Amino acid sequence: MHDITENILELVRLASTDLPPDIEVSIRRAVEQEQPDSAARDALETILKNVELSRQNSTPICQDTGTPIFYVYYPASWSTKALRQQIETAVATATKKSYLRPNSVDSITGKNSGNNLGGKHFPTIHFEEVEGDALSIELMLKGGGCENVGAQYSLPNDALNAGRDLAGVRKVVLDAVFQAQGQGCAPGILGVAIGGDRGSSYLASKETLYRKLDDVNPDPQLMSLENTLVEEANQLGIGPMGFGGKTTLLGTKVTHLNRLPASFFVSVSYMCWAYRRRKMTITNDLVTYE
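The structure reproduced in this document is the subject of the present report. Computed from a prediction, not measured in an experiment: that's the story for all the values here.

1. Details of the side chain of Ser26
1) Next: Note that Ser26 resides in helix 2 (residues 21-31).
2) Next: Excluding its chain neighbours within four sequence positions, the residues that come into contact with Ser26 are Leu213 and Leu250.

2. What about the state of the cysteines?
1) Next: The final tally for this structure, using the stated rule, is zero disulfides.
2) Next: No disulfide involves Cys62; its nearest neighbouring cysteine sulfur is the one of Cys272, lying 6.2 Å away.
3) Next: As a non-bridged cysteine, Cys146 has Cys272 as the owner of its nearest cysteine sulfur, 4.2 Å distant.
4) Next: What makes Cys146 buried here is its relative accessible area of 2%.

3. Notes on helix 6 (residues 166-180)
1) Next: In this model, helix 6 (15 residues) spans 21 Å end to end at C-alpha, consistent with the 21 Å of a helix rising 1.5 Å per residue.
2) Next: Taken together, the buried positions of helix 6 are occupied by Gly168, Val169, Val172, Val173, Leu174, Asp175, Ala176, Val177 and Ala180.
3) Next: Lining the buried residues of helix 6 we find strand 4 (151-154), strand 5 (188-194), helix 8 (220-233), strand 6 (249-256) and strand 7 (265-271).
4) Next: Two residues or fewer past helix 6, Gln181 is found with a positive phi of approximately 50°.

4. Structural notes on unusual backbone geometry
1) Next: Here Phe122 and Pro123 are connected by a cis peptide whose omega angle stands at 0°.
2) Next: Relative to the assigned elements, Pro123 resides in the loop between helix 4 (80-96) and strand 2 (124-129).
3) Next: The linkage connecting Leu155 with the following residue, Pro156, adopts the cis geometry, with an omega of 5°.
4) Next: Counting through the fold element by element, Pro156 comes out in the loop between strand 4 and helix 6.
5) Next: You will see that Asn161, though not glycine, has its phi angle at about 55°, which is positive.
6) Next: Locating Asn161 in the fold gives a position in the loop between strand 4 and helix 6.
7) Next: In this model, Met241 sits at a positive phi of 60°, which is unusual for a non-glycine residue.
8) Next: Within the element layout of this structure, Met241 appears in the loop between helix 8 and strand 6.

Parameters at a glance
Counting from 1, residues in each chain are numbered in the order their sequence is written. A pLDDT threshold of at least 70 governs which residues receive local features in this predicted model, and a stricter bar of 80 or more applies before side-chain atom pairs are shown or counted, although totals over entire chains, interfaces and linings include all residues. Heavy atoms throughout the structure, all of them, feed into the side-chain values; hydrogens and water do not. A run of DSSP states H or I qualifies as a helix once it reaches four residues; a run of E qualifies as a strand once it reaches two. Both are numbered from the N-terminal end. Should any heavy atoms of two residues lie within 4.5 Å, those residues are considered in contact. The term disulfide is used for any two cysteine sulfur atoms that are within 2.5 Å. Only protein chains enter the accessibility calculation, which uses a 1.4 Å probe; a residue is then buried when its area is under 20% of its type maximum, exposed when over 50%, and partly exposed in between. Helices are assigned an expected span. That span is 1.5 Å times one less than the residue count.

Shown next, in the form of structure tokens:
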């Protein structure tokens, strides 16, 4: 097995400093929707200047570089133990190079590890064995501000008059957006999971954020729900950073899981405009990034 620590380091650098093209295109499109000289338009234009400077200087897009969440899809011939060690080494090096801010804090002592390592779950690494010889690693950096405004609902919800159906899902997701206001660093992107238990539902709501912003949900009902949620959220008037305007969400990605008869959870993971996710693939010693 090869040592791919340097390749993983480059993956981290790209994720932290170079906003993916689909996100940048969406923000540029949003600028044109806002009124000239408005606070909303100024905020989006400032965001784009920041994106350009970060890319030029290889500096973090946001000072909060978040929790690194890795999904590793590996052939049977690769060692997950070695891959974990290489990922952790790359993360520590990225922190030393200031691609990442030291973010790993012991919840009991309050001590910061200083290198973004700590315990079993920092960074977060998920492994899945796949067929074939190609290895792929997907990385998302999930900031604290947007993580704090995530929400989970149990349906039915009498306060919102939300039942156990897609109409009820719509109500609670829009409530999550309204409650977040600008605190999640809008314009945001939502990952929504319907069903599962409390743990699997939250996990799936983050997994669906690895989808491209411009892809299409293969389930017609969920595709319609995604479009409706974005359209109606953008009518709430929250706007970029909560300054008002037409752009509260850039997108919504919805998935579903089987559930127990007694439970109906809806989990909402809010991603800020600094939607930092990148993918690395190794095929026959050829490394590509996207």
